[in-house]
Amino acid sequence: MFPDLARDDVFRLETPRLWLRWPRICDAASVHKFCSQWEVARYTARIPHPYPAGSAERFIYATREANASGRDLTLVMTPAKGKSDAIGSISLESRGADRLALGFVLAPEAWGKGLATEAAEAMIDAAFGLTPAVEILAGVRVENEASKAVLEKCGFAVLGTGRQGAPARGGMVECHSFRLGRADWVAGASARRREASAAALARVP
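On a predicted model such as this, the values are computed, not experimentally measured, just so you know.

Colleague: What am I meant to see in the overall build of the protein chain here?
Modeller: For the protein chain, the count of helices and strands is six helices and eight strands. The N-to-C order of helical and strand elements in the protein chain reads β-β-α-α-α-β-β-β-α-β-α-β-β-α. Expected size for 205 residues packed as a compact globule is a radius of gyration near 17 Å; at 17 Å, the protein chain falls within 12% of this value. Each principal axis of the C-alpha distribution contributes one length, and for the protein chain these read about 55 × 40 × 35 Å.

What follows is the structure, given as structure tokens:
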């Protein structure tokens, strides 16, 4: 799914406040720190709680293997300024030949600042810019209003609500299903460019 460009561990994405890059073994302590928090794990399907020792290292090795194969793309979020510790992760996982699934987690101390939206927008642009994907899917626990808001800001539309598998939560949980199609992304990107151009013209004396 992903081209050679993204299969190299020097690949990274830059946003106004973040670097999104391949996870490294030196990130294990930071990954363990945010994955160990119940506020993070409770809304995910796969992060167990308590978070077992060694899980962060296994996560890093698995994601690097998937990245190198081009099957998926998982990156950690790090601040563009100051400490370079990982404060979250974001992933695009293949769902067949032309679909991807978006997922993300962010450390609680970084909540409420728009960072998840910033990272999601960069990953969405990379998904449609680097792959032939026709759509990106996402699932969000019905009580997870913050992640729902992130997806809506990024242009996702709700497909429906139903029960989805969540092994780490002990079975099935109620989730909203979201979708963003390539055509919707193109239209949204064009609108953002028009807004940026208008803002730039407004600043001209």
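Colleague: What is the right way to look at the packing of aromatic side chains in this model?
Modeller: A complete count under the given rule lists one aromatic pair for this structure. Arg 12 extends its terminal NZ or CZ atom over the ring of Trp 19, reaching a point 3.5 Å from the ring centre.

Colleague: Would you mind showing me how to read the environment of Ala 166 here?
Modeller: Mapped onto the secondary structure, Ala 166 falls in strand S7 (residues 157–166). Here Ala 166 falls in the buried class, since its relative accessible area comes to 1%. Through-space distance from the C-alpha of Ala 166 to that of Thr 44 is 7.3 Å; in sequence the pair is 122 residues apart. Discounting residues that sit within four places of it in the chain, Ala 166 has contacts with Ala 45, Gly 171 and Val 173.

Colleague: What's the story with the nonpolar core in this structure? I'm lost.
Modeller: Nonpolar side chains tend toward joint burial in soluble globular proteins. By size, the foremost hydrophobic cluster in this structure holds 39 residues, and its most contacted members are Leu 102 and Phe 156. At the level of elements, strand S2 (18–21), strand S3 (73–79), strand S4 (88–94), strand S5 (99–106), helix H4 (115–130), strand S6 (135–141), helix H5 (145–153) and strand S8 (171–181) are the ones that each hand at least two residues to this core. For this core, the leading source of residues is H4, giving 10 residues. Apart from the residues lying within four places of it in its own chain, the contact partners of Leu 102 are Ile 90, Ser 91, Leu 92, Ala 120, Met 123, Ile 124, Ile 136, Leu 137, Ala 138, Leu 151 and Phe 156. By size, the runner-up hydrophobic cluster in this structure holds 14 residues, among which are Val 31, Ile 47, Ala 56 and Ala 107.

Colleague: Honestly, the environment of Ala 53 in this entry has me stumped. Any pointers?
Modeller: On the secondary structure map, Ala 53 appears in the loop between helix H2 (38–41) and helix H3 (55–69). Assessed through its relative accessible area of 69%, Ala 53 is described here as exposed. Setting aside residues no more than four positions away along its own chain, Ala 53 makes contact with His 32 and Arg 58.

Colleague: I tried to follow the sheet that holds S7 on my own but got confused; where do I start?
Modeller: In any sheet, the strands associate via hydrogen bonds between backbone groups, in a parallel or an antiparallel arrangement. In spatial order, the strands read S1-S2-S3-S4-S5-S6-S8-S7; together these eight strands make up an open sheet with mixed pairing. Pairing within the sheet leaves two strands with one partner each, and these edge strands are strand S1 (12–14) and S7. Sheet twist, expressed as the mean angle between neighbouring strand axes with direction ignored, is 25°. Inspection of the sheet shows S5 paired to S6 by three bridges, in the parallel sense. From the neighbouring strand, Leu 100 faces S6, where its bridge partner is Ile 136.

Analysis parameters
Position numbers for residues start from 1 in each chain and track the written sequence from start to end. The model is predicted, so local features are restricted to residues of pLDDT at least 70 and side-chain atom pairs to those at 80 or more, both for listing and for counting; the totals for chains, interfaces and linings are taken over all residues. Side-chain figures throughout are based on the complete set of non-hydrogen atoms in the structure, without hydrogens or water. To qualify as a helix, a DSSP run of H or I must reach at least 4 residues; to qualify as a strand, a run of E must reach at least 2; elements of each kind are numbered from the N terminus. Only C-alpha atoms enter the radius of gyration, while the globule expectation follows 2.2 Å times N to the 0.38, with N the number of residues. Two aromatic rings, drawn from Phe, Tyr or Trp (for Trp, its six-membered ring), form a pair once their centres lie within 6.5 Å of each other, and the interplanar angle then sorts them: stacked below 30 degrees, edge-to-face above 60, tilted otherwise. Cation placement over rings: the criterion is NZ of Lys or CZ of Arg within 6 Å of the ring centroid and within 35° of the ring normal. Only protein chains enter the area calculation, which uses a 1.4 Å probe; residues under 20% of their type maximum are buried, those over 50% are exposed, and those in between are partly exposed. Throughout, a contact is declared for two residues whenever any of their heavy atoms are within 4.5 Å. Only buried Ala, Val, Leu, Ile, Met, Phe, Trp, Tyr and Cys residues count toward a nonpolar core, and they belong to the same one when joined by side-chain atoms within 4.5 Å. Think of it this way: DSSP has to see at least two bridges between two strands before they count as a pair. Here, axes are lines fitted to C-alpha atoms. For helices the fit covers the stretch in contact, and angles between N-to-C directions go from 0 to 180 degrees.

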